[in-house]
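# Structure assessment
The residues making up each chain are set out below.
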Amino acid sequence: MKDMLSFYRGKKVLITGHTGFKGSWLCRILLDAGAEVIGYALEPPTKPNLYDLSGVKGHIHSVIGDVRDLSHLQKVFNQTKPEIVVHLAAQPIVKEGYHDPVGTYFTNVMGTVHVLECVRQCDTVQSVVNVTTDKVYYNREWAWGYRENERLDGYDPYSNSKSCSELVSACYARSFFADAHVPISTMRAGNVIGGGDFAPDRIVPDCIRSAMIGQPIIVRNPSSVRPYQHVLEPLMAYLLVAKEQYENCDLADSYNVGPDDADCVTTGQLADLFCDAWGNGASWICRHNLDAPHETNLLRLDCVKLKTTFGWRPLWHVSEAIQQTIVWTKVWQNQGNVANEMSRESQEYQESMLQDCV
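Quick summary incoming for the structure in this document. (Residues numbered from 1 in each chain as written. Predicted model: local features only at pLDDT ≥ 70, side-chain atom pairs only at ≥ 80, totals over all residues. Heavy atoms only, no water.)

## What about the packing of helix α7 (residues 203-212) against helix α9 (residues 267-278)?
Close contact between α7 and α9 brings their axes to 11 Å; oriented N to C, the two are set at 40 degrees. By the angle class used here, α7 and α9 are oblique. In this structure, α7 meets α9 at a crossing whose hand is right-handed. Judged by residue contacts, Ile203, Val204, Cys207, Ile208, Ala211 and Met212 of α7 engage Thr267, Leu270, Phe274 and Trp278 from α9. (Axes fitted to C-alpha atoms, helices over the stretch in contact; angles between N-to-C directions. Helix = DSSP H or I, 4+ residues; strand = E, 2+ residues; numbered from the N terminus. Parallel < 35°, antiparallel > 145°, perpendicular 65-115°, else oblique. Left-handed = near helix turned anticlockwise from the far one by under 90°. Contact = heavy atoms within 4.5 Å.)

## Remarks on unusual backbone geometry
A negative phi angle is the norm for most residues apart from glycine, just as the trans form is the norm for most peptide bonds. Residues lysine 47 and proline 48 are joined by a peptide bond in cis, for which omega reads 5 degrees. Relative to the assigned elements, proline 48 resides in the loop between β2 (36-41) and α2 (50-53). The backbone of lysine 81 sits at a positive phi, close to 50 degrees, despite the residue not being glycine. Within the secondary structure, lysine 81 is located in the loop between α3 (70-80) and β4 (84-87). Positive phi, close to 60 degrees, is recorded for aspartate 201, a residue that is not glycine. Classification of aspartate 201 by relative accessible area gives partly exposed; the value is 33%. (Buried < 20%, exposed > 50% of the residue type's maximum accessible area, 1.4 Å probe, protein only.)

## Re the nonpolar core
One finds Tyr8, Trp25, Leu30, Met187, Tyr238 and Leu306 to be the most contacted residues of the largest nonpolar core, which totals 60 residues. By residue number, the principal contributor to this core is helix α8 (residues 232-247), which donates ten residues. Listed in part, the 24 residues of the second largest apolar core include Ile38, Cys122, Val125 and Val128. (Core = buried A, V, L, I, M, F, W, Y, C linked by side-chain atoms within 4.5 Å.)

## Side note on the packing of aromatic side chains
Applying the stated criterion across every chain, the model contains twelve aromatic pairs. Judged by centre distance (4.9 Å) and plane angle (90 degrees), the rings of phenylalanine 7 and tyrosine 8 are edge-to-face. Classification of tyrosine 8 as buried rests on a relative accessible area of 0%. Centroid distance tyrosine 255 to phenylalanine 310: 5.1 Å. Interplanar angle 65 degrees. Geometry classified as edge-to-face. Linking tyrosine 255 in strand β11 (residues 254-257) with phenylalanine 310 in helix α10 (residues 304-310), this pair joins segments that are 55 residues apart in sequence. Looking at phenylalanine 310, the relative accessible area reads 10%, which means it is buried. Positioned above the aromatic ring of phenylalanine 7 is the side chain of lysine 11, whose terminal nitrogen or guanidinium carbon lies 4.2 Å from the ring centre. (Phe/Tyr/Trp six-rings, centres within 6.5 Å; stacked < 30°, edge-to-face > 60°. Lys NZ or Arg CZ within 6 Å of the ring centre and 35° of its normal.)

## Some words on the pairing of β2
A large share of β2 lies buried, amounting to five of its six residues. The sheet contact formed by strand β1 (residues 12-16) and β2 spans five bridges and is parallel. What sits directly across from valine 13, in β2, is valine 37. As defined by bridge partners, β2 adjoins strand β3 (residues 61-64) across four bridges and the pair is classed as parallel. What sits directly across from tyrosine 40, in β3, is valine 63. (Pairing = 2+ DSSP bridges.)

## A closer look at the sheet that holds strand β5 (residues 127-131)
Reading across from one edge, β3-β2-β1-β4-β5-β6-β11 is the order of the seven strands in this open sheet, with parallel pairing throughout. Either end of the sheet is taken by a strand with one partner, and the two such strands are β3 and β11. Across the sheet, the axes of successive neighbouring strands diverge by a mean angle of 15 degrees, strand direction being ignored. Across four bridges, β5 lies against strand β6 (residues 184-189) in parallel orientation.

## Remarks on the environment of serine 62
Turning to its location among the elements, serine 62 is positioned in strand β3. Look at serine 62 and you get partly exposed, because its relative accessible area is 31%. Setting aside anything within four residues of it in sequence, one finds serine 62 in contact with His18, Gly39 and Tyr51. Within the structure, the side chain of serine 62 is placed 2.8 Å from the side chain of histidine 18, a separation counted as a polar contact. (Polar contact = N/O pair within 3.5 Å; in protein donor to acceptor, adjacent residues only side chain to side chain.)

## Some thoughts on the pattern of salt bridges
Two side chains carrying opposite charge are able to pair once their charged atoms lie near each other. Scanning the model with the defined rule gives 16 salt bridges in all. A salt bridge links arginine 209 to aspartate 206, with the nearest nitrogen and oxygen atoms 2.7 Å apart. Taken together, the residues span about one helical turn, with arginine 209 and aspartate 206 both in helix α7 at a distance of three residues. Residue classification places arginine 209 among the partly exposed residues on the basis of a relative accessible area of 35%. (Salt bridge = Lys/Arg side-chain N within 4 Å of Asp/Glu carboxyl O.)

## Topic: the packing of α3 against helix α5 (residues 101-120)
Taken N-terminus to C-terminus, the directions of α3 and α5 make an angle of 40 degrees; their axes are 10 Å apart at the nearest point. Comparing their axes, α5 and α3 come out oblique. In this structure, the crossing between α3 and α5 has a hand that is right-handed. Within the contact between the two elements, α3 uses Leu70, Leu73, Gln74 and Phe77 and α5 uses His114, Val115, Cys118 and Val119.

Below, the structure is given as structure tokens:
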């Protein structure tokens, strides 16, 4: 993993969903690495939003578009001729999946079909990473982590649509790229936290919103266990896999990316970590929502495959992820330079990567 990002200098990287939380962080990382970034996404989904704050606007080739629009997406591929594609665009909220299942399936399944169809017809692409979720697995509420060969069958429309996206990727890889001239990997990431996530119905953004106005944080399911990790952990893993399979097509596969077991904490423990780090008397209360849709109680990932194949391992414990998130939030709250803070965190993470290689 040593000096991994130098590979991206001068490379054309197309990111779908670049205006979202993960996409904005990825744009910042790649810009700092000297890549030529092409973004294709809807307008930023929240106000405020990380894309506007990240300083990437005007420095990348940004196209506002919908992955459900195949003809428009094809034009962008034809005009920009990317070498690497990272597919992030999705309807990512479990609750929204229940509210609009048709739209969720259309975006998450047919959006993936459209991206891979564009890849099939584009002779410049040499590496594809499709980002899905840890929720693609048929959840048996096991105490141990799910492996990549476990049954795919997400419970709710969002999770299930991502399971379908996995199957679409596998089908395209077999049907159209069997000679491995375009390696396609899927990355199943755990719950991400970090500065700049303004989405509704996510625990850390909810913590921040409540703490900023001095109100107790409402926690719906404090005993639920999730594989929480800082957003830089999976993003660096995506870039590592995209690079390695670019250079060796045989490495294309499906990979889990998540924290070690010690950092798979309950939502209540995460809220405790946040309150301790935030200070100022921050607190939380449990308020179960009896009308809420089904949520998994226990979820862990086994990431041995990613570790043994690429030498990757998580570097920031969940407590540090919370600390970094709060530092970012304080910079934003005080109208500081968010772009510089994102670059600082990214650089600090990269230094941890280099030290890990020594």
